[in-house]
Amino acid sequence: MTLDLVPVTATFGVEVSGLDLRSANAADFEALRDALLQHRLLLFRSPSLDSEEQVRVMESLRVGEPLHETAQAPAWGWVTNTGELPDDGGIVDASPTELLWHADYEFTEFGPIQAISLYGHEVPEASYPTMLSNNVEAVKRLPADLREKVRTLKVLKAKEHTGPGEGYDDFANHRNRVSAPAQEGNLFHGSEHDIIETHPITGEPWLTVSQMMTSHVVGWTDEESDVLFAELDEIAYDPSNVYEHDWRVGDLIVWDNIALRHRRGTTPKGSTPGGRRVLRRVAVDSIDMLTRFPVARPAESLQVVDR
Ligand SMILES: O=C(O)CCC(=O)C(=O)O
Ligand SMILES: [Fe+2]
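Before going further, it helps to examine the coordination of the iron ion (ligand 2). In a perfect tetrahedron of four donors around a metal, the angles come out at 109.5 degrees. In a perfect octahedron of six, they are 90 or 180 degrees. The protein atoms that coordinate the iron ion (ligand 2) are H102 (NE2), D104 (OD) and H262 (NE2), at distances of 2.1 to 2.2 Å. Each donor residue of the iron ion (ligand 2) belongs to the same chain, and together they define the spacing H-x1-D-x157-H. A residue pair is termed long-range when its members are at least 10 positions apart, and H102 in strand β7 (residues 99-102) and H262 in strand β17 (residues 260-264) qualify at 160 residues. By relative accessible area, H102 is classed as buried at 1%. Relative accessible area serves as the criterion here: at 6%, H262 is assigned to the buried category.

The following block contains the structure:
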């Protein structure tokens, strides 16, 4: 099976055309799996998928099992700014807040989950894109001295545990630092990771430092960490290393959540005219949510500053 693939940026992402995902066969999915791992992001325009079909597509790519991310039973959920409960599935994100650069679940000891798909169910009139940046390309672009400097460094990935009613807006629009909980005494989920890790399927090195969930370099102060983060950010977020997906109704994007990180800007409140933004989400990984999710711990047990 040869796929019709058109690049969406110079270094990653392809638009797939001429294939009906609902009737795709095993050979098609084999080719799509290869394309996902090679190009890191697949874009399908108007595949007209319902929830169960989206789950089946993600399952068929064989990079992990569809995850049950919310308390509701199905393996799909919604990213929505409308404030309404969906008829089916759970809500993964119900806030109009900005989301800083991150890779979902990167703060867990297993690192980010393998792949995420979003389907444009309702799209606002003005563009509120999802932006993605290439972590593998970022490593290739590191100057030799910087790469040597970070080779042996680790970072603490962290996410503040904000308790019942927890939403993205509580933690997602600022760096989650164990030194600076939004509320004193809050617990954190967190784990240490090398600054350059190895992609579990492709074996490629990738840059793990994000904005939202990288607290600090292990053994360094926040200020020292920020200097290094700024140097790495300049490479990661160079416009030539970023794709902005402008949503149209019926778009499906599937991305490798280890090879790419993502963000979005502030979105409008869904109650404003033409402002509704409702994306259906199916994520996959080989590790289920219960196994993945660590207990939250006091900040002091995660903050190791060795002076
Ligand atoms: O709303 C978006 O564009 C991205 C949401 C997000 O971070 C996610 O679904 O993981
Ligand atoms: Fe995300």
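Bringing the packing of aromatic side chains into the picture now. Here a ring pair, both rings aromatic, is described through the centre-centre distance and the interplanar angle of the planes. The tally for this structure, following the rule as stated, stands at 4 aromatic pairs. Residues Y105 and F107 carry aromatic rings whose centres are separated by 6.4 Å and whose planes lie at 45° to one another, so their mutual orientation is tilted. With a centroid separation of 5.7 Å and an interplanar angle of 75°, the aromatic rings of F107 and F293 are classed as edge-to-face. Placement of F107 in the loop between β7 and β8 (115-122) and of F293 in the loop between α6 (289-292) and β19 (297-298) is noted, with a sequence separation of 186 residues between them. With relative accessibility at 34%, the residue F293 sits in the partly exposed group. Joined through ring pairs, the aromatic side chains of Y105, F107 and F293 make up one cluster.

Moving on, we get to the nonpolar core. Grouped together as the largest cluster of nonpolar side chains are 30 residues, with contacts concentrated most on L21, L32, L42, F44 and V254. The set of elements that each furnish at least two residues to this core consists of β2 (14-17), α1 (26-39), β3 (41-44), α2 (51-60), β8, β16 (252-256) and β18 (278-285). Sorting elements by how many residues they give to this core places α1 first, with 6 residues. Apart from the residues within four sequence positions on either side, L42 is in contact with V14, V16, L32, A35, L36, L252, I253 and V254. Counting 25 residues, the second largest nonpolar core, distinct from the first, contains L99, F107, I116 and W247.

Quick notes on the rules
Residues numbered from 1 in each chain as written. Chains lettered and ligands numbered in written order. Predicted model: local features only at pLDDT ≥ 70, side-chain atom pairs only at ≥ 80, totals over all residues. Heavy atoms only, no water. Donors = N, O, S within 2.8 Å, 3.2 Å for Na, K, Ca; no water. Helix = DSSP H or I, 4+ residues; strand = E, 2+ residues; numbered from the N terminus. Buried < 20%, exposed > 50% of the residue type's maximum accessible area, 1.4 Å probe, protein only. Phe/Tyr/Trp six-rings, centres within 6.5 Å; stacked < 30°, edge-to-face > 60°. Core = buried A, V, L, I, M, F, W, Y, C linked by side-chain atoms within 4.5 Å. Contact = heavy atoms within 4.5 Å.

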